[in-house]
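Working through the structure, step by step
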Amino acid sequence: MEKILILDFGGQYNQLIARRVREQHVYCELRPHSMPLDEIRRFDPIGIIFTGGPHSVYLDDSPRPDPGVFELGVPILGICYGCQLLAQSLGGLVTAAEDASAREYGKTETVFDPTCALFRDLPERSVTWMSHGDYMAQVPEGFRLAAHSAACPTAAICDEERGFYGVQFHPEVNHTAFGREMLRNFLYRVCGAHSDWTMADFKRRSVDELRRHVGDGRVLLALSGGVDSSVLAALLSEAIGSQLTCVFVDHGLLRKNEGDEVEAVFAPRPLNFRRVDAADRFLARLRGVTEPEEKRHIIGEEFIRVFEAEAREIGAVDYLAQGTIYPDVIESGLGESAVIKSHHNVGGLPDYVDFKEILEPLRMLFKDEVRQLGRELGLPESLVARQPFPGPGLAIRVIGDVTEEKLSLLREADSIFREEMAKAGLDQSASQYFAVLTNLRSVGVMGDGRSYDYAVALRSVQTSDFMTADWSRLPYELLDRVSVRIVNEVKGVNRVLYDITSKPPATVEYE
């Protein structure tokens, strides 16, 4: 399988680069910039991409790859910081922009040289998304200029003999008009990719690998009923059959009636389904905890302890399987990138886990790839297209400390929102929608009297991969109905807010 290596230098759009490469049916992985040269050789990429980042390449402490990466004979594309790093490392000069007009942020009219392979068959003039305060004052020997803007004569550079390319803008974001096509040119014209990354192939390889790896061992799957763990259940069932036991933990943090709904779907299937009522132990551990990361770590550890107890009861369980996917891994911290939020099944895991090994066959897939794999496995569309629900459940949708009273209040508000979305026929068009109980209390007037109750926030987003998302433009009439019903029917709420923040700068979830 052909592979692209993306070296991470801490930029905010790094996960988008990986997503865009996968969209072209080329496999890639995002790795820390400090990846040793021997590991890079073993990875055997057909091309390497340097990401953007917040640093200045001319400072002594700025992140750099092993210099041997330039001697591998592999094409390299540098993006923003990655472009400046390419130039600085190969003999060019990068400096801070002394003139404010040389700094570029946002949409920028850019002119391209169509003879450069990156821009072949594309318009000679289009809009790009710039975000830089440094610029290349001198390009390295062997490079030529391939694009410019009014403020930046070095918007792109190339040394096509060595297969080195650098762009000062961000082709991975939608604001760059032909960014996808530029990345495709790098993958196919420069690196010679052949479009060999498909879910049909992934399914075949994964089934074979799981059979070989597990052998005659037994696997306990952490089944939440969501898309990721459901697809993994189908994959494991095909690979190892009756050696699989699926454990659904009802941790008391589920939506209204969700535990019964999950059991109704999975109990009849040949998955050795087990439902565990662990609400009391989770709520006891969360009592008085308000910090989001602490919540996630507590829930991650408690999940593991429940699974360990179930494994001892079942007997002779070797492996714990989790539906971890690539966004979980990236957001939990990778290389120079900051931890956005520790996912309970990644950064929230305890130091000691009493299983031979944790299996995560979906660890390198994006959400839409997981859905496609589910279709390859023959799962019904109603299950494959189901909206995601976080493993920590409502604990991260109750801002502040978690109590049974708050959970009950949130369940009712969330149920009303979901019911009205379905009535309006918007339950399938919105990628994810839910209610959040904020820790804001405000004065209201109810029944001719003063109230001092909670504010509920409604959140609805549109996204293909959950790495970026835009807020949903829901009809005012719908929001009005939801607001009136929540305030009238849910005692303890006197105000309803609608979140119109996209990701980034926000995340989909609140905590």
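As a reminder, the structure under discussion sits directly above these lines.
Residues numbered from 1 in each chain as written. Predicted model: local features only at pLDDT ≥ 70, side-chain atom pairs only at ≥ 80, totals over all residues. Heavy atoms only, no water.

1. Concerning the packing of helix 13 (residues 404–423) against helix 14 (residues 476–489)
The criterion, for reference: Axis definition: a line fitted to C-alpha atoms, over the contacting stretch in the case of helices. Angles run 0 to 180 degrees between N-to-C directions. Numbering goes from the N terminus for both helices and strands, where a helix is a DSSP run of H or I of at least four residues and a strand is a run of E of at least two. Each angle gets one of four labels, with under 35 degrees taken as roughly parallel, over 145 as roughly antiparallel, 65 to 115 as roughly perpendicular, and the rest as oblique. By convention the crossing between two helices is left-handed if the near helix lies anticlockwise of the far one by an angle smaller than a right angle, and right-handed if it lies clockwise. Contact definition: two residues touch when any of their heavy atoms are within 4.5 Å. Three residue categories are used. Nonpolar comprises Ala, Val, Leu, Ile, Met, Phe, Trp, Tyr, Cys and Pro, charged comprises Asp, Glu, Lys and Arg, and polar comprises the others, including Gly.
At a minimum axis separation of 10 Å, helix 13 and helix 14 run at an interaxial angle of 150°. Comparing the axis directions of helix 13 and helix 14 gives the class roughly antiparallel. Crossing of helix 13 against helix 14: the hand is right-handed. Every residue of helix 14 that contacts helix 13 at Ala413, Ile416, Phe417, Glu419, Glu420, Met421 and Lys423 is listed here: Leu478, Arg481, Val482, Arg485, Ile486 and Glu489. Residues of the contact of helix 13 with helix 14, tallied by class, amount to seven nonpolar, no polar and six charged.

2. So, the sheet that holds strand 15 (residues 319–321)
Counted only if it meets this: In this analysis, strands are considered paired if DSSP registers two or more bridges between them.
One open sheet accounts for five strands, arranged 14-13-12-15-16; its pairing is parallel. Whereas interior strands pair on both sides, the edge strands pair on one side only; in this sheet they are strand 14 (273–277) and strand 16 (357–359). Taking the axes of each pair of neighbouring strands and ignoring which way they run, one obtains an average angle of 30° across the sheet. Here strand 12 (residues 219–222) runs beside strand 15; their pairing, made up of three bridges, is parallel. Within strand 15, the residue paired with leucine 220 across the bridge is leucine 320. Along the sheet, helix 5 (residues 199–214) contacts strand 12, strand 15 and strand 16; its crossing angle with strand 16, the most-contacted strand, is approximately 165°. Across the face of the sheet, helix 9 (residues 292–314) comes into contact with strand 12, strand 13 (244–250), strand 14 and strand 15 while running at roughly 135° to strand 13.

3. Overview of the pairing of strand 1 (residues 3–8)
Walk down a regular strand and you will see the side chains alternate between the two sheet faces. Note the threshold: Only protein chains enter the calculation, and the probe is 1.4 Å; a residue is then buried if its accessible area is under 20% of its type maximum, exposed if over 50%, and partly exposed in between. When the strands point away from the viewer, a crossover counts as right-handed if the path from the first strand over the helix to the second runs clockwise.
Taking burial as the measure, the six residues of strand 1 include six buried ones, the bulk of the element. Of the two faces of strand 1, both are covered, the one formed by Lys3, Leu5 and Leu7 as well as the one formed by Ile4, Ile6 and Asp8. As paired elements, strand 1 and strand 2 (residues 27–32) share six bridges and run parallel to each other. The residue bridging isoleucine 4 from the neighbouring strand is cysteine 28, located in strand 2. For the segment spanning strand 1, helix 1 (residues 14–23) and strand 2, crossover handedness is right-handed. Bridge count for strand 1 against strand 3 (residues 47–50) is four bridges, and the pairing is parallel. Of the residues in strand 3, the one forming a bridge with isoleucine 6 is isoleucine 49.

4. Considerations on helix 11 (residues 367–376)
Side chains that are three or four residues apart share a direction in an α-helix, a result of its 3.6 residues per turn. Among all positions of helix 11, only Lys367, Glu369, Val370, Arg371, Leu373 and Gly374 are buried. On the buried face of helix 11, the contacting elements are helix 1, helix 5, helix 6 (227–240) and helix 12 (381–384). Positive backbone phi, at 85°, marks glycine 378, one or two positions downstream of helix 11.

5. A short note on the side chain of lysine 406
Positionally, lysine 406 belongs in helix 13. Ignoring any residue separated from it by four or fewer positions in sequence, one finds lysine 406 in contact with Val398, Ile399, Asp401, Leu437 and Tyr454.

6. A look at the packing of helix 5 against helix 6
Orientation of helix 5 relative to helix 6, taken along the N-to-C sense of each, is 60°, at an axis distance of 9 Å. The orientation of helix 5 relative to helix 6 falls into the category oblique. Considering only the axes of helix 5 and helix 6, their crossing is right-handed. Of the residues in helix 6, those in contact with Lys203, Ser206, Val207, Leu210, Arg211 and Val214 of helix 5 are Leu235, Leu236, Glu238, Ala239 and Ile240.

7. A closer look at the packing of aromatic side chains
How we decide: Two aromatic rings from Phe, Tyr or Trp, using only the six-membered ring of Trp, form a pair when their centres are within 6.5 Å; if the ring planes differ by under 30 degrees the pair is stacked, by over 60 it is edge-to-face, and anything between is tilted. By definition, being over a ring means that NZ of Lys or CZ of Arg is both within 6 Å of the ring centre and within 35 degrees of the ring normal.
For the structure shown, the criterion picks out 15 aromatic pairs. For the ring pair phenylalanine 9 and tyrosine 81, a centre distance of 5.6 Å and an interplane angle of 45° mean the geometry is tilted. One end of the pair, phenylalanine 9, is in the loop between strand 1 and helix 1; the other, tyrosine 81, is in helix 3 (residues 81–89), with 72 residues separating them in the sequence. According to the relative accessible area criterion, phenylalanine 9 is buried, its value standing at 0%. For tyrosine 81, a relative accessible area of 1% translates into the label buried. A network of ring pairs unites the aromatic residues Phe9, Phe50, Phe70, Tyr81 and Phe164 as a single cluster. One cation-aromatic arrangement involves arginine 441 over tyrosine 454; the distance from NZ or CZ to the ring centre is 4.7 Å.

8. Looking at the pattern of salt bridges
We count it as follows: Note on definitions: salt bridges are taken to be side-chain nitrogens of Lys or Arg within 4 Å of carboxyl oxygens of Asp or Glu.
Across all of its chains, the model carries 41 salt bridges by this definition. For the salt bridge of glutamate 29 with arginine 31, the shortest nitrogen-to-oxygen distance reads 2.9 Å. Exposure remark for arginine 31: the relative accessible area of 24% places this residue in the partly exposed category. Its salt-bridge partner being glutamate 310, residue arginine 274 comes within 3.0 Å of it at the nearest N-O pair. Here arginine 274 is found in strand 14, whereas its partner glutamate 310 is found in helix 9, with 36 residues between them in sequence. With relative accessibility at 26%, the residue arginine 274 sits in the partly exposed group. Look at glutamate 310 and you get buried, because its relative accessible area is 10%. Each of Arg281, Arg285, Glu301, Glu302, Arg305 and Glu308 takes part in one network of salt bridges that share partners.

Note that every value here comes from positions in space, so none of it alone points to a role or purpose.
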